[in-house]
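# Reading the structure
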Amino acid sequence: MSKTDFLSVVPLFILTSAAILILFSIAVKRDHKVIYVITTVSLAIDFIFLVWYKATATWVIEPLFIFDGFGTFNTGLILLTALAVTMISYAYFEQREERKEEYYILLILATLGAIVLVISKHFVSLFLGLEILSVSLYSMIAYLRKRARSDEAGIKYLILAAFSSAFLLFGMALVYTAVGTMEFSKIASHLSSLEAMPVIVFAGFGLMTVGIGFKLGVVPFHMWAADVYEGAPAPVTAFIATVSKGGMMALLVRFFTAIDGYQYHGLILIFTIIAIASMFIGNFLALRQGNVKRVLAYSSIAHLGYLLVAFLAGGTLGIEAVSFYLVAYFITSTGAFGILATLSDRDRDAELLDDYRGLFWTRPWTATMFTSMLLSLAGIPLTAGFIGKFYLVAAGVREHLWLLVVMLAVNSAIGLYYYIKIIATMMEKNEVERPASNELNPSVYVVSGVTMAILTILLIWIGVHPNGMMVLIHELLALD
Amino acid sequence: MDQVPTEAGLILAGVLFTLGLISVLIRRNIIFMLISVEIMLNAAGLAFVVAGAKWSQADGQVMFIFILTMAAAEVSVGLALILQIYHQLKTLDSDAANKMKG
């Protein structure tokens with residue numbers, strides 16, 4: 001193992017050692033605060049290391065990993081999101097669960113899995129990353145054992161995720177049977193030497209699409225999304241919505257670019273149908289929901305549909321658009337679920353629309369932050385969501401994907417309705433005096449409050465001055 | 001001795017996979033759903049072994065070991081969850097564990 005090999009995988013080492021350290025520290029003494037600090041510090045160190053160790057060129061560890069600009073960018077994004085989720089988790093779990101320490105091990109391992117996923121260039125590392133991520137998520141979803149619905153959400157996710165993994169694996173096996181290698185680049189070179197794609201490879205890609213589609217939660221593989229979002233604890237929901245889906249999206253972009261899937265019209269057609277169906281069905285189902293968590297679940301289905309537009313456009317601009325949109329989407333989703341977590345009381349999450357009635361009059365700052373998150377999800381100017389959507393449209397227009405671009409515009413208009421509905425509810429005067437829930441010492445909430453404020457500022461900052469982020473993405477992707 | 005043809009192995013894997021798939025969809029008992037998913041995973045594993053044999057590489061078998069490990073991890077979490085559900089609902093009918101709608 002050369003020195004560069006070692007330095008490249010240090011981010012993975014830091015995470016694994018943090019998980020082991022927490023394990024030992026729990027064996028010595030259960031202290032939520034200590035565990036929380038270890039988690040925060042290790043994630044922060046990991047990110048600082050990533051920034052400090054500026055890889056100047058793409059580095060490959062044969063045959064499993066590739067460390068390029070795209071991978072580094074997504075790794076950083078995943079680490080920062082995991083950090084934000086940790087910040088939200090402290091106040092949330094402090095008041096809800098007696099054994100809250102193991103949650104952080106699972107969180108770190110899930111982050112590790114997502115990072116392995118975004119730097120993989122081989123079916124084995126893809127599978128490994130995906131399963132580290134998924135198996136940690138099963139237990140995170142069902143973590144609050146006393147809640148009736150968390151078990152249900154956990155088992156639903158487990159059965160469906162294992163089901164989709166089986167599809168993914170069978171697809172991989174078919175591709176491997178046909179081409180005799182599991183490395184993305186070698187599959188590509190083998191396929192390009194053939195005149196037409198063999199039926200067995202096409203079937204393999206089809207099965208893999210089912211597996212990937214499940215993880216992304218796009219129509220028609222979206223059935224789990226709403227139930228899991230509703231049943232899982234709010235910080236975990238934030239994690240699934242961002243890291244799990246974003247990691248899979250990054251992998252999809254890498255795989256599709258590597259095998260140059262754009263030349264196969266069958267695959268393009270399948271993904272176009274998936275994108276359009278996700279946008280429409282996600283938005284229409286969100287319209288008739290009264291549960292904020294479910295609204296956000298369906299809206300995330302629609303957002304993945306938007307992302308697929310830039311993915312289908314492809315090329316440098318397409319990948320840049322996907323990266324930028326992921327940043328905007330990560331910030332807004334983490335923020336929205338974070339606020340949901342701070343508003344929740346001991347017994348249940350603040351998920352009904354009624355919980356938000358009159359929020360502007362009782363907690364004006366929280367309501368303002370939530371409003372800006374929702375406006376960004378809707379894609380209103382001056383927020384990161386708007387610039388992200390603009391980028392997607394630009395990528396689509398350049399490749400003349402008129403149908404998809406028109407669908408995106410129509411759906412943004414539909415989506416506006418249910419975001420505005422939540423905001424309007426927060427504006428209403430609340431006549432019924434709600435009994436004050438027995439909350440913890442307010443100092444516990446300071447950390448989550450500060451995190452929310454930072455996320456809101458970032459959201460508006462990127463919305464007003466998107467240049468910095470654009471240049472960063474552009475430079476990282478240009479790395480070769 | 002003649003080798004088993006690749007197609008035969010793949011067809012067997014495909015049949016197993018389909019059986020598992022049908023069984024997940026029609027079974028109502030959560031434990032049987034879990035077993036069916038395991039059958040699907042093992043079918044995929046078998047396909048990997050067949051493919052590895054075709055190319056005479058170890059990769060297929062390596063992948064199979066990974067699949068076994070992952071399936072074991074999944075079952076252990078799954079059974080723990082099933083115990084929890086049984087405590088709460090006193091049944092393993094998957095229709096009973098369906099409180100969330102919409």
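Worth saying up front: this structure is predicted, and the values here are computed from it rather than measured.

Criteria and cut-off values
Residues numbered from 1 in each chain as written. Chains lettered and ligands numbered in written order. Predicted model: local features only at pLDDT ≥ 70, side-chain atom pairs only at ≥ 80, totals over all residues. Helix = DSSP H or I, 4+ residues; strand = E, 2+ residues; numbered from the N terminus. Buried ≥ 20, exposed ≤ 12 C-beta atoms within 10 Å, placed from the backbone. Contact = placed C-beta atoms within 7 Å. Nonpolar A, V, L, I, M, F, W, Y, C, P; charged D, E, K, R; others polar. Axes fitted to C-alpha atoms, helices over the stretch in contact; angles between N-to-C directions. Parallel < 35°, antiparallel > 145°, perpendicular 65-115°, else oblique. Expected span 1.5 Å × (residues − 1). Left-handed = near helix turned anticlockwise from the far one by under 90°.

Moving on to the overall build of chain A. Looking only at helices and strands, one finds 19 helices and two strands in chain A. Dimensions of chain A along its principal axes, counting C-alpha atoms only, are 70 × 55 × 40 Å. Counting the 480 residues in chain A, one finds 57% classified as buried.

Attention now moves to the interface of chain B and chain A. Reports of interface size often rely on the accessible area that becomes lost once the parts have come together. Each side of the interface is counted separately: chain B has 38 residues, and chain A has 36 residues. Every element with two or more residues in the side of chain B that touches chain A is listed here: helix H1 (6–26), helix H2 (30–54) and helix H3 (59–89) of chain B. Sort the elements by how many residues they give to the side of chain B that touches chain A and H3 of chain B lands first, with 16 residues. In the side of chain B that touches chain A, the residues fall into 28 nonpolar, six polar and four charged.

This part covers the packing of helix H15 (residues 364–378) of chain A against helix H17 (residues 402–427) of chain A. Any two packed helices are characterised by the angle at which their axes cross and by the distance between the axes. Residues and elements named next belong to chain A. Where H15 meets H17, the closest approach of the two axes is 9 Å, and the angle between their N-to-C directions is 170 degrees. Taken as axis vectors, H15 and H17 run roughly antiparallel relative to one another. Across the interface between the two elements, Ala367, Thr371, Leu374, Leu377 and Ala378 of H15 pack against Gly415, Leu416, Tyr419, Ile422, Ile423 and Met426 of H17. The residue makeup of the contact of H15 with H17, split by class, is nine nonpolar, two polar and no charged.

Time to look at helix H12 (residues 292–313) of chain A. Residue and element names in this part refer to chain A. Over its 22 residues, H12 runs 32 Å from end to end, which matches the ideal 32 Å to within 8%, given 1.5 Å per residue. Within H12, 22 of the 22 residues are buried, leaving the element largely enclosed by the surrounding structure. Downstream of H12 by a residue or two, glycine 314 has a phi angle that is positive, lying close to 70 degrees.

Bringing the environment of leucine 133 of chain A into the picture now. All names here are of chain A. Among the structural elements, leucine 133 can be located in helix H5 (residues 123–141). Leucine 133 sits 69 residues away from phenylalanine 202 along the chain, and the two C-alpha atoms are 27 Å apart. Setting aside residues up to four positions removed in sequence, leucine 133 forms contacts with Ala110, Gly113, Ala114, Leu117, Ser244 and Gly247.

Right, let's get into the packing of helix H2 (residues 32–52) of chain A against helix H4 (residues 102–118) of chain A. All names here are of chain A. Look at H2 against H4: their axes get within 9 Å of each other, and the N-to-C directions meet at 15 degrees. By the angle between their axes, H2 is roughly parallel relative to H4. Two packed elements cross with a definite hand, and for H2 against H4 that hand is left-handed. Counting all contacts with H2, which are made through Ile35, Tyr36 and Thr39, the residues of H4 involved are Tyr104, Leu107 and Ile108.

With glycine set apart, most residues show a phi of negative sign, and most peptide bonds adopt trans. The step from glutamate 62 of chain A to proline 63 of chain A runs through a cis peptide bond, and the omega angle for that step is -10 degrees. Topologically, proline 63 of chain A is positioned in the loop between strand E1 (59–61) and strand E2 (65–67). The linkage connecting valine 219 of chain A with the following residue, proline 220 of chain A, adopts the cis geometry, with an omega of 5 degrees. Relative to the helices and strands, proline 220 of chain A resides in the loop between helix H8 (199–216) and helix H9 (223–231). Of note, histidine 400 of chain A is a non-glycine position whose phi angle comes to about 55 degrees, a positive value. Its location among the elements puts histidine 400 of chain A in the loop between helix H16 (384–398) and H17. On the neighbour-count criterion, histidine 400 of chain A (10 C-beta atoms within 10 Å) is exposed. Here lysine 90 of chain B, not a glycine, exhibits a phi torsion of approximately 60 degrees, which is positive.

So, about the environment of valine 24 of chain B. Mapped onto the fold, valine 24 of chain B is located in helix H1. Residues valine 24 of chain B and methionine 40 of chain B lie 16 residues apart in sequence; the distance between their C-alpha atoms is 9.3 Å. Not counting residues up to four positions away in its chain, the partners in contact with valine 24 of chain B are Phe163 of chain A together with Met33, Ser36 and Val37 of chain B.

Just distances and angles here, no functional claims.
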